[in-house]
Amino acid sequence: MENLTKLNLDEYKPLRDVVFENLRGAIVEGRLKPGERLMEVQLAEQLGVSRTPVREAIRKLELEGLVVMLPRKGAYVANMSLKDLIDVLEIRASLEGLAASLAAERITDEDIKKLESIVEEFKDGINESNVEALLRKDVEFHECIFKSTNNKKLHQLINSLWEQVYRFRVTYISDYDSTVNIIEEHKMILDAIKRRDSKLAKKYAMEHIQKAENFMIETTVNNKEL
C-alpha cells in the first residue's frame, strides 16, 4: 500500500466518496494489487482519514466486485480469473455495440467534431510513443460515444466494466500493432456514426472490443498473468 498518499480533500464531496474514489482508482490502476489485503488502520493512516470512511469505501468496493471479504481474514483486492476476463469482455462487446448504435441515432454535430479531433490526437500519441496519452484519448473517444447515447445507466454499466479490465487495457494500448489497428477501428466506428448507420456502428464497435478481447486473452494466457 506504499503507493497511497494523503488525500487532497474536496470540500464539495463527502469524505466517504473521496476515499472510495481514491481506493477504487488505486485498484483499477494496479497500485493496489490483486490479492493484496486491505487493512483499515493502515489505509486510514496513509490517506490521512479516520477508519469509518475507509470501512464504508471497502464495503462499496465489495459491491462492485473489486474487493472480496473473507471470513475471519478481512478484505482483499479481488483477483480476476481468465473466465472473469472473458465474461467481462463479452458483456462489454454487447453494451458498447448498443452504445454505438444509440450514438448513431442521437449524437450531435458538436460531438462528431469532438470524435474527429480525438482520432487525430490519438495518432499524435502513437508518433510520440506516449502510452499514457493513448490511454487517455482512447477513454475520451469511447466516453464521447457513451455520453452521446443520453443513457446514464448504460454509461455507468460500461464504465464499471472498463475499470475491471484496466490493467489489461494498459498492455493492449502498449502494443504498437494494436494501437495502429485501434486508429482504423475508431475511424470505422466514427464513419458509421457520422452516416447515422446504427447497425454498422454497432457491428464495428463490437468487432473493436472483440479484437481487444482476443489480444488480452492471448497475452494473459502466454504470460500466465491470471
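Scope of this entry: the structure provided in the associated data block. (Residues numbered from 1 in each chain as written. Predicted model: local features only at pLDDT ≥ 70, side-chain atom pairs only at ≥ 80, totals over all residues. Heavy atoms only, no water.)

### Description of the overall build of the protein chain
Next, step 1: When helices and strands are tallied, the protein chain shows ten helices and three strands.
Next, step 2: Ordered by position in the sequence, the α and β elements of the protein chain form the string α-β-α-α-β-β-α-α-α-α-α-α-α.
Next, step 3: For 226 residues, the compact-globule estimate of 2.2 N^0.38 gives 17 Å, and the protein chain sits close to it at 19 Å.
Next, step 4: Each of the three principal axes of the protein chain carries a C-alpha extent, and together these read 55 × 45 × 35 Å.
Next, step 5: Within the span of the protein chain, comprising 226 residues, buried residues form 45% of the whole.
Next, step 6: Nonlocal contacts in the protein chain, meaning residues at least 24 apart in sequence, comprise 73% of its contacts between residues at least 6 apart.
Next, step 7: Total accessible area computed for the protein chain in this model is approximately 12400 Å², and 48% of it derives from carbon and sulfur atoms. (Helix = DSSP H or I, 4+ residues; strand = E, 2+ residues; numbered from the N terminus. Rg over C-alpha atoms; globule rule 2.2 N^0.38 Å. Buried < 20%, exposed > 50% of the residue type's maximum accessible area, 1.4 Å probe, protein only. Contact = heavy atoms within 4.5 Å. Areas by Shrake-Rupley, 256 points an atom, 1.4 Å probe, with all protein chains shown as cover.)

### Comments concerning empty space enclosed by the protein
Next, step 1: The final tally for this structure, using the stated rule, is three cavities of 30 Å³ or more.
Next, step 2: The wall of the largest cavity is formed by R92, D138, H142, W162, R169, Y172, I173, I182, H208, I209, A212 and M216.
Next, step 3: For the lining of the largest cavity, the secondary-structure elements that each account for two or more residues are α6 (131–148), α8 (166–174) and α10 (198–223).
Next, step 4: Sorting elements by how many residues they give to the lining of the largest cavity places α10 first, with four residues.
Next, step 5: The computed volume of the second largest cavity comes to approximately 40 Å³.
Next, step 6: In terms of lining, the second largest cavity is formed by E185, M188, I189, Y204, E207, H208 and K211.
Next, step 7: At the level of elements, α9 (176–194) and α10 are the ones that each hand at least two residues to the lining of the second largest cavity.
Next, step 8: Top contributing element to the lining of the second largest cavity by residue count: α10, with four residues. (1 Å grid on protein atoms, 1.4 Å probe; cavity = no way out; pocket = protein on both sides within 12 Å on 5 of 7 lines; lining within 4 Å. Points joined across faces, edges and corners; volume = space filled by probe spheres on them.)

### Structural notes on α8
Next, step 1: Along α8, the residues that are buried comprise F168, R169, Y172 and I173. Projected onto a plane normal to the axis of α8, the buried residues spread over an arc of 135° and lie on a single side. (Arc of directions from axis to C-beta.)

### Looking at the nonpolar core
Next, step 1: Residues L85, I145 and I193 are the most contacted members of the largest nonpolar core, which totals 45 residues.
Next, step 2: Elements with a minimum of two residues in this core: α4 (82–106), α5 (109–127), α6, α7 (152–164), α8, α9 and α10.
Next, step 3: If you look at the next biggest cluster of nonpolar residues, it comprises 21 residues, including V19, A26, L43 and I58. (Core = buried A, V, L, I, M, F, W, Y, C linked by side-chain atoms within 4.5 Å.)

### As for the pairing of strand β2 (residues 67–70)
Next, step 1: Bridge count for β2 against strand β3 (residues 74–77) is four bridges, and the pairing is antiparallel. Bridging from a neighbouring strand, V68 pairs with Y76 of β3.
Next, step 2: The hairpin formed by β2 and β3 contains three residues between the paired strands, and R72 there has a positive phi angle of roughly 65°. (Pairing = 2+ DSSP bridges.)

Interpretation in functional terms is not warranted from these geometric data alone.
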